[in-house]
Amino acid sequence: MLRQALTELGLTGHSRVLLDPPANAGADSTLALVHSPTTGKPIAAVKLDDERSYNAAIGRSAEAFKRWREVPAPVRGQVVRAIGNEFRASKKALGAIITAEVGKITSESEGEVQETIDIADFAVGLSRQLYGLTMPSERPGHAMREQWLPLGPIGVISAFNFPNAVWAWNAMLAAVCGDTTVWKPSLLAPITAIATNAIAQRVASAMGHEDLFTLVIGRDDVVGERLIADARLPLISATGSCRMGKRVGEVVAKRLGRSLLELGGNNAAIVHEDADLDLAARAILFAAVGTCGQRCTTTRRLIAHEKIADALVARLVKAYSSVRIGDPAAEGTLVGPLVNARAVEGFAAAVAAAKLQGGTILVGGEKHAQPGLPGHFVQPTIIRAPANNTLPIASEETFAPILYVFTYRDPEEAIAMQNSVAQGLSSAIFTRSAGLAERFLSPAGTGSDCGLAYVNMGTSGAEIGGAFGGEKETGGGRESGSDSWKAYMRRQTCTINFSGKLELAQGIRFE
Ligand code: UN1
């Protein structure tokens, strides 16, 4: 599957990918083995960067930036348009690589590439709309305006779970903003990154723009730490765990660089007594079980009104029991494997902790044995909190398909529970009451404390047109749509005196 997809993309001969890794590849520090989550077996090896090749890559990106920023933004948009079209043509093959490498089911892998295509379209439009404001000056014969200028080579760190689209959210915007991108992908998904970057770079090179997109692949001590400390990169945009984000934030702040952090979530869905339970159950099923629970937006907590909790949970248990687990490339599969054995350990540890804390397993809770596929499969799991509504493990983000169920009587209590975790990424309420929906979105900020708030929809599956990210330990950054582009540019306030006289602001006289 991998070889065929790379052939379709014209990348079988890529110098970094070894499709037949040597027997000693696991012991070779210049290589990283890539394992299939579905079989647990190695499928390829990739060549890693060392200090020298890292430095050369950043140098090339910095040089390319000096040329690229001179290209007018709408012309930059033409390059991004051509890149988006190439992703359109490559959707199936790239999707197959994502499925092979991280175990996403085919429709979700292709959906991820669609996010890349969508953000490219968005960026093309944006290339003619990098608007600055004009402001009235308080002085006669003066004009004031602000303009947005290219920022520099941007460092992008991405996680395994969105190995293609998260780069695009950053790189497509950065490109129209006049920036180049240096990408450090997860070592669990380097082949998707190599293919993605090669497609973009091939199109840009053919249009006369070398090194707009650069890839650095390596371990944290060789590449990651160097990248975040590198003063040549004015912005580091990082997506991944809260632990990783705290390290990035600390190191980048030390050099007074900018960081854009999109970190973990512990997302809840509140289901009120007046909700459409069929719709809620369907939405929660996808949000809790989709991507095998490995989205930062996955629904991890269900906060159900006590009058409908049993009925809702019964619907969910029934749906969970019929979800087809198995080969993510096979038609009809809804749940593929977790990404690796460590993720399975994390799943098992969370289930064990929940049991110890008085939780009741309503469905799932075990590893899933898939005939012929010795990969990292688990059963989607629902765990009900004890009657006192206390389950400490539920305040941790476990990257696995576990849904913890809590109940409430008063909506105020439900909102407080939803906000009671360290992260603030995504949230949802299901209700037919416009009043309660508005209460959840209160302009006073007393409703959901998350960056994303949904009404009658699940917590995952954001469209690219909105700003994506969240508060508290989610890191505060916004990527993708709306005015997120501003993070990739520097703002300049320009004041022009055409009066022929010198006048100081604030009425100061200095004569
Ligand atoms: C992530 O899990 O890091 O909203 C990103 C969603 C997707 C993006 C998830 N559009 O679920």
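Fair warning: this is a prediction, and the values are worked out from it, not measured in the lab.

### Some points on the site of the ligand
- As a structural note, the neighbourhood of the ligand is formed by E115, N161, F162, W169, E262, R295, C296, T297, S460, G461, A462 and F468.
- Residue C296 places a main-chain N or O atom 2.8 Å away from an oxygen atom belonging to the ligand.
- Within the side chain of T297, a nitrogen or oxygen atom sits 2.7 Å from an oxygen atom of the ligand.
- Within the complex, 99% of the 320 Å² of free accessible area of the ligand lies under protein.

### Here's the deal with helix α10 (residues 277-289)
- The first and last C-alpha atoms of α10 sit 17 Å apart over 13 residues, in line with the 18 Å expected at 1.5 Å per residue.
- Taken together, the buried positions of α10 are L277, A280, A281, A283, I284, L285, A287, A288 and V289.
- The inward-facing, buried residues of α10 abut β11 (267-271), β12 (299-305), α11 (309-322), β15 (402-408) and β17 (426-430).
- In this structure D276 caps α10, since a side-chain oxygen of it lies 3.1 Å from the backbone nitrogen of D278.
- Backbone geometry just downstream of α10 places T291 in the positive-phi region, at approximately 55°.

### Comments concerning the pattern of salt bridges
- In this structure the tally under the stated criterion is 25 salt bridges.
- Across the pair R16 and D49 runs a salt bridge, and its minimum N-O distance is 2.7 Å. In this pair, R16 sits in the loop between α1 (2-8) and β1 (17-18) while D49 sits in the loop between β3 (42-47) and α2 (51-68), placing the two residues 33 residues apart along the sequence.
- Residue class for D49 comes out buried when judged on its relative accessible area of 11%.
- The residue R478 makes a salt bridge to E471 at a minimum N-O spacing of 2.4 Å.
- Judged by its relative accessible area of 23%, R478 is partly exposed.
- A network of salt bridges, in which partner residues are shared, links E225, R247 and E250.

### A short note on the sheet that holds β1
- Read across the sheet, 3 strands follow the order β1-β3-β2 without closing on themselves; strand pairing throughout is antiparallel. At either end of the open sheet lies a strand with only one pairing partner, and these are β1 and β2 (31-35).
- Bridge analysis of β2 against β3 gives 5 bridges, and the strand direction is antiparallel. Bridged to L33 within β3 is A45.

### What about the nonpolar core?
- If you look at the biggest cluster of nonpolar residues, it comprises 137 residues, and the most contacted ones within it are M172, F213, V271 and Y404.
- Ranked by residues supplied to this core, first place goes to helix α6 (residues 165-176) with 11 residues.
- In this structure, this core is formed jointly by two domains, domain 1 (51-263 + 475-492) and domain 2 (267-469), each of which donates at least three residues.
- Residues within four places of V271 in sequence aside, it is in contact with L277, A280, I284, L302, I303, A304, H305, I308, L312, Y408 and F430.
- Within the second largest apolar cluster, 19 residues are counted, among which are I157, V223, L233 and V251.

Parameters at a glance
- Residues numbered from 1 in each chain as written.
- Predicted model: local features only at pLDDT ≥ 70, side-chain atom pairs only at ≥ 80, totals over all residues.
- Heavy atoms only, no water.
- Near = heavy atom within 4 Å.
- Polar contact = N/O pair within 3.5 Å; in protein donor to acceptor, adjacent residues only side chain to side chain.
- Areas by Shrake-Rupley, 256 points an atom, 1.4 Å probe, with all protein chains shown as cover.
- Helix = DSSP H or I, 4+ residues; strand = E, 2+ residues; numbered from the N terminus.
- Expected span 1.5 Å × (residues − 1).
- Buried < 20%, exposed > 50% of the residue type's maximum accessible area, 1.4 Å probe, protein only.
- Contact = heavy atoms within 4.5 Å.
- Salt bridge = Lys/Arg side-chain N within 4 Å of Asp/Glu carboxyl O.
- Pairing = 2+ DSSP bridges.
- Core = buried A, V, L, I, M, F, W, Y, C linked by side-chain atoms within 4.5 Å.
- Domains from an automatic or database assignment.

Geometric descriptors of this kind do not, in isolation, establish any biological role.
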